[in-house]
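Commentary on secondary and tertiary structure
Each chain is listed here by its residues.
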Amino acid sequence: LQQNKASSSTTAGGLGGGLCMIGTADSVNNTSFTNVTVTGNETTNAGAGIFVQAWSKPVFTDVNFTENIAGTSAGGLIIIGNSAGNNVATLNNVSFTKNKANAGNGGALFLSNYVNATMNNLSFTENESSALAGALYCVGGADAFSNLEFSNSSFTKNKSGTSGGAMYINNYNNCIFNKASFTENSAGATGGAMFVIGASAAYNTFRISDAVFSKNK
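This text gives an overview of the structure that appears in the document. (Residues numbered from 1 in each chain as written. Predicted model: local features only at pLDDT ≥ 70, side-chain atom pairs only at ≥ 80, totals over all residues. Heavy atoms only, no water.)

**Things to note about the overall build of the chain**
Of the regular secondary structure elements, the chain holds zero helices and 21 strands. In terms of overall dimensions, the chain is globule-like: its C-alpha atoms have a radius of gyration of 15 Å, near the 17 Å expected for 217 residues. Expressed along its principal axes, the backbone C-alpha trace of the chain runs to roughly 40 × 35 × 35 Å. The buried share among the 217 residues of the chain stands at 50%. Across the chain, the fraction of contacts at a sequence separation of at least 24, relative to all contacts at a separation of at least 6, is 83%. Summing over all exposed atoms, the chain offers an accessible surface of approximately 8,800 Å²; the carbon and sulfur share of this is 46%. (Helix = DSSP H or I, 4+ residues; strand = E, 2+ residues; numbered from the N terminus. Rg over C-alpha atoms; globule rule 2.2 N^0.38 Å. Buried < 20%, exposed > 50% of the residue type's maximum accessible area, 1.4 Å probe, protein only. Contact = heavy atoms within 4.5 Å. Areas by Shrake-Rupley, 256 points an atom, 1.4 Å probe, with all protein chains shown as cover.)

**Some points on the nonpolar core**
The tendency in soluble globular proteins is for nonpolar side chains to be buried side by side. In this structure, Leu-77, Leu-91, Phe-96 and Leu-109 are the most contacted members of the largest nonpolar core, which totals 38 residues. It is strand S12 (residues 115-125) that provides the largest number of residues to this core, a total of five residues. The next biggest cluster of nonpolar side chains, apart from the first, holds 11 residues, and it includes Ile-78, Leu-132, Ala-133 and Tyr-168. (Core = buried A, V, L, I, M, F, W, Y, C linked by side-chain atoms within 4.5 Å.)

**Overview of the sheet that holds strand S21 (residues 205-214)**
Ordered in space as S3-S6-S9-S12-S15-S18-S21, the seven strands form an open sheet in which the pairing is parallel. Each edge of the open sheet is held by one strand with a lone partner, namely strand S3 (32-39) and S21. Strand-to-strand, the axes of this sheet are offset by a mean angle of 10 degrees, without reference to chain direction. Bridging between S3 and strand S6 (residues 59-66) involves seven bridges; their strand directions are parallel. Bridging from a neighbouring strand, Val-36 pairs with Val-63 of S6. (Pairing = 2+ DSSP bridges. Axes fitted to C-alpha atoms, helices over the stretch in contact; angles between N-to-C directions.)

**Some points on the environment of Asp-210**
Tracing the sequence through the fold places Asp-210 in strand S21. On the basis of relative accessibility, which here comes to 58%, the residue Asp-210 falls in the exposed class. Excluding residues that lie within four positions of it along the chain, Asp-210 makes contacts with Lys-179 and Ala-180.

**What to know about the environment of Leu-15**
Positionally, Leu-15 belongs in the loop between strand S1 (5-6) and strand S2 (19-22). In the structure, Leu-15 is positioned 28 residues away from Thr-43 in sequence and 6.2 Å away in space, judged by C-alpha atoms.

**Focus on the sheet that holds strand S11 (residues 109-111)**
With respect to topology, seven strands assemble into an open sheet ordered S2-S5-S8-S11-S14-S17-S20, the strand pairing being parallel. Every other strand in the sheet has two partners, leaving S2 and strand S20 (194-196) as the edge strands with one partner each. Averaged over all neighbouring strand pairs, the angle between strand axes comes to 5 degrees, with direction disregarded. For S2 and strand S5 (residues 50-53), the ladder comprises four bridges, and the chain directions are parallel. Its bridge partner being in S5, Met-21 is matched across the sheet by Val-52.

See the structure below:
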């Protein structure tokens with residue numbers, strides 16, 4: 001998927017510069033990506049590389065997201081679930097390099113409401129957002145928490161305009177990191193490496209183990 005563009009003058013359009021996938025209740029979207037490069041795509045809205053929404057179970061294996069540019073959020077990939085049932089996503093050996101969210105959150109990867117995801121061997125390098133989360137942004141739904149598990153993740157030289165230089169974990173997430181490195185990430189305001197926040201009515205569950213933090217600011 002190379003050098004495609006989705007543009008729209010309305011906030012409802014311009015999704016998924018490279019690809020937009022939306023399932024339905026009676027036809028769940030089961031799509032696998034293997035040995036795929038997603039590069040140089042643009043969108044006026046969210047998900048410059050790939051946009052996944054509603055009733056989807058995507059699997060990404062050996063996929064590279066490089067130099068994609070979103071007009072709002074999610075420079076590389078966005079996955080949004082549905083209140084009727086969480087999307088289930090699997091990412092293995094996926095890299096995000098030099099993607100941008102020009103007017104929003106999540107320079108590389110945006111995991112939105114109603115998502116359960118298992119992710120192994122992810123790397124985030126030199127991604128950038130104008131607001132929150134230079135690389136990874138996660139937000140769940142109050143009525144159904146997202147459940148996210150990361151193993152062997154690296155975050156290097158990512159940059160956010162405000163908080164969470166590498167990642168920002170927002171409300172309503174159960175989030176686990178096993179083996180992670182955060183190196184030379186920077187935030188315009190707070191949390192050079194990460195920013196984690198919960199809701200007073202329902203606290204996040206957040207756990208990180210075997211992590212290294214170096215030269216973040």
